[in-house]
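Architecture and fold: a report
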Amino acid sequence: MSVIQVTDLKKSYGGIRALAGCSMSFEDKAINGLIGPNGSGKTTLFNVITGYETADSGQVSLRGQDITNAKPDKVFEHGIGRTFQITRIFPQLTVLENVHVAAQRQGFVAQARGWDSTAERERAMEVLEFVGLARLAPEIAGDLSYGQQKLLEFAFITMARPSVILLDEPAGGVNPSLLRHISDRIRALNSEGVTFIIVEHDMEFVMRLCDHVLVMHQGSALTSGPPEQVRADPAVLEAYLGAGPKKGS
Amino acid sequence: MTTTEIAPAGAAAPEHVPYRPPRPLRYGATAGLLALLIAFPLVFPNPTVTSIGVFTMIYLIAAIGWNMFSGYSGYISIGHAAYYGIGQYTVALITIHAHLPAGWGLFGLLPVAGLVAALASIPIGFLLLRVRKHTFIVLTIAVMFIFQLLAFNLTTITNGSGGLTLPFPTWTGDFFNMPFYYVGLLAAVVAGAVAWWIRRSKYGLGLFAIRDDEERARGLGIKVTRTKLIAYAASAFFVGIAGGLYAPFVGSVYPQFAFDPTFDLAIAVLVFVGGIGTLSGPVLGALVLIPLQQYFYLQFGNANLYLIAYGVLFILILRLLPGGIVPGVTSAWRSRLVARARARQELAGAGGTGPEGAGPPGGAGPKDSGPKDTRPGAGQKDRA
Amino acid sequence: MLILQAIIDGILIGGYYALMAAGLTLVFGVMEIVNFAQGILVVLGAYLSYALYSHLHIDPFLGLLITLPAMFVVGVVIYWTMIKPIRRDRVIMSLLTMFAVGTVIEGILDLIFTSNLVQITTPYVNSSVQVGSLIFPVIYLYSFGMAVILLSALYWLLYRTKFGRNLRATTQNPTAAKMVGIDVDRISAFTLGIGVSLAAAGGMVFGSTNSFDAASSYDLISRLLAIVILGGFGSLAGALVASIVMLVIEDVVAVVWSPTWGQTTFYLVLILVLLLRPQGLFGRTAVRAQ
């Protein structure tokens, strides 16, 4: 079952084609891995899906609904959350406040009430417990270490209970034990029905964690399948190492 | 690569040092300050002194109002004099054309002045808030000058450079300044209350998120344009009220003093000095700098020295303490408390030999990185 | 006919405005700072030319040989003392710092020269050349010529020298420029120096064609900023085109309607353009995300 489908997405920056007719389909309720050499367009694809950049042409659909070029807040409303390669949190707010930002409220009057409402606080602490940052709730987020900020970002993304979470290089700059912790959290959420799409370079991480792996190369989809299959695919190896013996050294 | 560890659930939690003084202290200080301000003209009834007091109240209202947008959203406006002037002209024009008796009713016009300024700010804000922050800053000044030009040129309405004269209030003599002072103080308290309320509301949290990372905030569902616009209108409202108080107090309205870039400079400097983005920063800045400014103006009468002094002060603050005095002092104080807490913990043997490492639990405790600047929920004294 | 005259006036005046605006936009392109003091620096240049003329009887154009280098040094000093030390939030902090610096300079100038309006009244300021029914004030012809010379020199500097190449590299990517060994600080200081001396050149003309005092800086900086925003921050071509276009529009409106509405149109055009194109005419669109 496809949760997010992109069809023939094109995106260029001047002369550079970041996405050259990219079509792929991400499996619902699975942990999808998105890999590919540098410059293959992975982050651009994320940016286009989540509305931080607009596609030149092509389509993005969420469970059949067209969300092409929807703005980031609309994308979020559809239930898609994302993290960034360089962690983006709110450095001047406390950890707790960071999480509360993502708590959604409807209506004008509700906005006027205090941000620290009981119901939301329960959920916020629940989310912080989940990632292991509960004790740091009153600390200013900018004071946290890099790994802790990554967890914080992960935390507030889950606050609004998205059905799909896009993670952009969650393993970047993170030590093994924290990485295990993150993998556990991903699996735990996945078992509750959250779909993941993870861009990563750390092959071990991807192969261990993901149910379904998609490979990008030069702005379009190369292949996809279960981890072992993709890992053994010679085309994938070629994409990473260059065109191989044909190019000449 | 950084080595980060999350301390396992059982490890001793680092003692959290609060970012602000305890609530009783904050509330007490605010009440005390309010009492002082109420008593002030009664203790110092000299008209020269109370006149300084009135100007201080005017700038205080404007500073709190300015800060609730520029400080809370990070969009620095150096053109809010537009709304100051609109407030002045609103009160002047209504008073003159409606032939209002120059009595206490004059103060009823203050909310009207604020409202007119706020209404004017909405289309302006809508246009201006679409651009990036540095373009925004520049545009605010352009808008201010448009209003100044209009004031000079729409002579049938504004009497151009001839200015407008308001009828004098019915009370005079030594008592003259008192009503202005107390009405101003009341307006300042209202402004402060609104600023405080914004800060603790969900709306305000969205505003601060925008200040930290606008796109990120948008991506988490915050209605960015609407949020910024509301703050912009609210700040225009209060700056308009400040203008509306200024006009009848001074008795006349001229384009170059209504739409005055020096006003913008003064507001920006005093809020920056006090602590931009904080609740008490504008209060500190206004209460300290405006009396000084007025005093020097009375003593030396030279507007240039005041320009030079403000300019130099601004440069110094931007260079040395851009967060302002209130955050600077509070974080220095907090650093001491944190150091003491850490020493206490080490004495108590909280540091283990596990992955946390010696000393403060590795990675699990926040790094103490020195003076921080503005943050909404931390590190400042509240007014209320 | 009147309109044609207005258009020509606009083009000629736009010429020296382009100098001042070029200084502003170049500085932004290289260092991402908005030199808010450009207006008062123009006035400073005007006062310098005025002082040289009224006390030493040095013709303002010749006086540029003194004022241009002097103002260049002023720019470099401002960079080293005010801009370079800024570490965080470069764009906003530098804007506010330059705003403050401008205020201080204004205060000092007002103190020295008081608020009496002055003007550099060389004998040729009032003479003009007549072609048919069109009048070309001589001062504007000279200044346009000077603008052409200076802007050509700037173009040559930017596109035909190694320094210029380094400068353009810094504009595009300061970090990369540093990595290939370009002394970004030196380039930045130099650029601010150029920007300020261009302001001085414009100031000389401004002071010859307008009666001015220290407070004239506000109107100037508003206009220059409007021009640079219109042309796109960092775009020299944009500054050039926008200067001429805006001055022509203003002059035409002034003639057709009234001089005061001409001034207002200036800003209204700015707002209109920004409604339609928030990045200005030539500027790059804000890049989202990281």
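Quantities reported herein were computed from a predicted structural model and do not represent experimental measurements. (Residues numbered from 1 in each chain as written. Chains lettered and ligands numbered in written order. Predicted model: local features only at pLDDT ≥ 70, side-chain atom pairs only at ≥ 80, totals over all residues.)

Let us look at the overall build of chain B. Secondary structure assignment for chain B yields 15 helices and two strands. In chain B, which comprises 384 residues, the proportion classed as buried is 55%. (Helix = DSSP H or I, 4+ residues; strand = E, 2+ residues; numbered from the N terminus. Buried ≥ 20, exposed ≤ 12 C-beta atoms within 10 Å, placed from the backbone.)

In terms of helices and strands, chain C carries 11 helices and two strands. Reading chain C from its N terminus to its C terminus gives the helix and strand order α-α-α-α-β-β-α-α-α-α-α-α-α. Its C-alpha atoms give chain C a radius of gyration of 19 Å, near enough to 19 Å, the size a compact globule of 290 residues would have. Each of the three principal axes of chain C carries a C-alpha extent, and together these read 60 × 45 × 35 Å. Going through the 290 residues of chain C one by one, you find that 52% of them count as buried. (Rg over C-alpha atoms; globule rule 2.2 N^0.38 Å.)

What follows covers unusual backbone geometry. The backbone phi angle of A:Arg63 is positive, close to 45°, even though this residue is not glycine. Note on placement: A:Arg63 falls in the loop between strand S4 (57–62) and strand S5 (65–66). Judged by the 15 C-beta atoms lying within 10 Å of it, A:Arg63 falls in the partly exposed class. One non-glycine residue, C:Glu32, adopts positive backbone phi at about 55°. In this structure, C:Glu32 sits in the loop between helix H1 (2–31) and helix H2 (38–56). The exposure class assigned to C:Glu32 is partly exposed, which follows from the 16 C-beta atoms found within 10 Å.

The next point concerns the pairing of strand S9 (residues 212–217) of chain A. Residue and element names in this part refer to chain A. With five of six residues buried, S9 lies mostly within the body of the structure. With four bridges joining them, strand S3 (residues 31–35) and S9 adopt parallel strand pairing. In the sheet register, leucine 34 faces S9, and the bridge partner there is leucine 214. Of the pairings in the sheet, the one linking S9 to strand S10 (residues 220–225) comprises five bridges and is antiparallel in character. Bridge assignment links leucine 214 to a residue of S10, and that residue is serine 224. In this antiparallel pair of consecutive strands, S9 and S10, the connection spans two residues, and glutamine 218 shows a positive phi of 50°. (Pairing = 2+ DSSP bridges.)

All right, on to the environment of B:Phe257 then. Residue and element names in this part refer to chain B. Considering the arrangement of structural elements, one finds phenylalanine 257 in helix H11 (residues 255–258). Accessibility expressed as a C-beta count within 10 Å gives 18 for phenylalanine 257, which makes it partly exposed. As a C-alpha pair, phenylalanine 257 and glutamine 148 span 109 residues in sequence and 9.2 Å in three-dimensional space.

On to the sheet that holds S5(A). Residues and elements named next belong to chain A. Overall, antiparallel pairing links the four strands, which are arranged S2-S1-S4-S5 in an open sheet. What marks the edges here is a single partner per strand, and that holds for strand S2 (16–27) and S5. Bridge analysis of strand S1 (residues 2–13) against S4 gives five bridges, and the strand direction is antiparallel. Across the sheet, the residue bridging to threonine 7 is glutamine 59, located in S4.

Turning our attention to the packing of helix H3 (residues 60–83) of chain C against helix H8 (residues 184–209) of chain C. All names here are of chain C. In contact at an axis separation of 7 Å, H3 and H8 are set at 140° when each is read in the N-to-C sense. As far as their axial angle goes, H8 and H3 are oblique. In this structure, H3 crosses over H8, and the sense of that crossing is right-handed. Of the residues in the contact of H3 with H8, the class split is 19 nonpolar, seven polar and no charged. (Axes fitted to C-alpha atoms, helices over the stretch in contact; angles between N-to-C directions. Parallel < 35°, antiparallel > 145°, perpendicular 65-115°, else oblique. Left-handed = near helix turned anticlockwise from the far one by under 90°. Nonpolar A, V, L, I, M, F, W, Y, C, P; charged D, E, K, R; others polar.)

Most often, soluble globular proteins have nonpolar side chains that are buried together. Membership of the largest hydrophobic core comes to 289 residues, with the highest contact counts inside it found for A:Ala155, B:Ile61, B:Ala62, B:Ala142 and B:Leu270. Per-element accounting of this core gives the leading share, 17 residues, to helix H10 (residues 224–250) of chain B. Apart from the residues lying within four places of it in its own chain, the contact partners of B:Ala62 are B:Tyr84, B:Phe238, B:Val239, B:Ala242 and B:Ile267. (Core = buried A, V, L, I, M, F, W, Y, C linked by C-beta atoms within 7 Å. Contact = placed C-beta atoms within 7 Å.)

Residues and elements named next belong to chain A. The strand order S6-S7-S8-S3-S9-S10 describes an open sheet built from six strands, whose pairing is mixed. Each end of this open sheet is capped by a strand with a single partner; those strands are strand S6 (80–82) and S10. The mean inter-strand angle of the sheet, taken between neighbouring strand axes irrespective of direction, is 20°.

Moving on to the interface of chain B and chain C. At the interface, 33 residues of chain B touch 35 residues of chain C. At the level of secondary structure, the elements contributing two or more residues to the side of chain B that touches chain C comprise helix H5 (133–153), helix H12 (261–274) and helix H14 (303–320) of chain B. Across the side of chain B that touches chain C, the residue classes tally to 23 nonpolar, five polar and five charged.

A few words now on the confidence of the model for chain C. Looking at chain C, pLDDT values average 86 and 96% of them are 70 or higher. Note on residues 285–290 of chain C: pLDDT under 50 across the span, and 13 contacts to partners over four residues away in sequence or across chains. (pLDDT = per-residue confidence, 0-100.)

Residue position: B:Ile124 is located in helix H4 (residues 105–128). The sequence separation of B:Ile124 and B:Leu139 amounts to 15 residues, and the corresponding C-alpha distance is 10.0 Å.

Moving on to the pairing of strand S8 (residues 195–199) of chain A. Residue and element names in this part refer to chain A. Here S8 lies mainly inside the structure; five of its five residues are buried. The sheet contact formed by S3 and S8 spans four bridges and is parallel. By the bridge assignment for S8, glycine 33 is matched with isoleucine 198. Direction of pairing for strand S7 (residues 164–168) relative to S8: parallel, over a ladder of five bridges. Within S8, the residue paired with isoleucine 165 across the bridge is phenylalanine 196. In this fold, S7 hands off to helix H7 (residues 176–191), which returns the chain to S8; that crossover is right-handed. (Right-handed = clockwise from strand over helix to strand, strands pointing away.)

Before going further, it helps to spend a moment on the confidence of the model for chain B. Residues and elements named next belong to chain B. On average, residues of chain B carry a pLDDT of 83, and 86% of them reach 70 or more. Per-element averaging of pLDDT across chain B places helix H6 (residues 155–158) at the bottom with 84 and H10 at the top with 95. Across residues 1–11, where pLDDT falls below 50, the model places 30 contacts with residues more than four positions away in sequence or in other chains. Low pLDDT, under 50, characterises residues 352–384; the stretch is placed with 108 contacts to residues that sit more than four places away or in other chains.

So, about H4(B). Two residues of an α-helix separated by three or four positions point the same way, owing to the 3.6 residues in each turn. The end-to-end C-alpha separation of H4(B) is 35 Å, in line with the 34 Å expected for 24 residues at 1.5 Å each. Largest kink in H4(B): about 30°, centred on B:Ile122, with the proline B:Pro123 one to four residues after it. (Expected span 1.5 Å × (residues − 1). Bend = angle between axes of the 7 residues up to and from the residue.)

Close contact between H5(B) and helix H11 (residues 259–276) of chain C brings their axes to 10 Å; oriented N to C, the two are set at 155°. Here H5(B) lies roughly antiparallel to H11(C), going by the angle between them. Where H5(B) crosses over H11(C), the two elements pack in a sense that is left-handed. Here B:Ala142, B:Phe145, B:Ile146, B:Leu149, B:Leu150 and B:Asn153 of H5(B) come into contact with H11(C), specifically with C:Thr260, C:Gln263, C:Thr264, C:Tyr267 and C:Leu270.

With respect to the helices and strands, C:Leu268 occurs in helix H11. Sequence-wise, C:Leu268 and C:Asn166 are 102 residues apart; in three dimensions their C-alpha atoms are separated by 37 Å.

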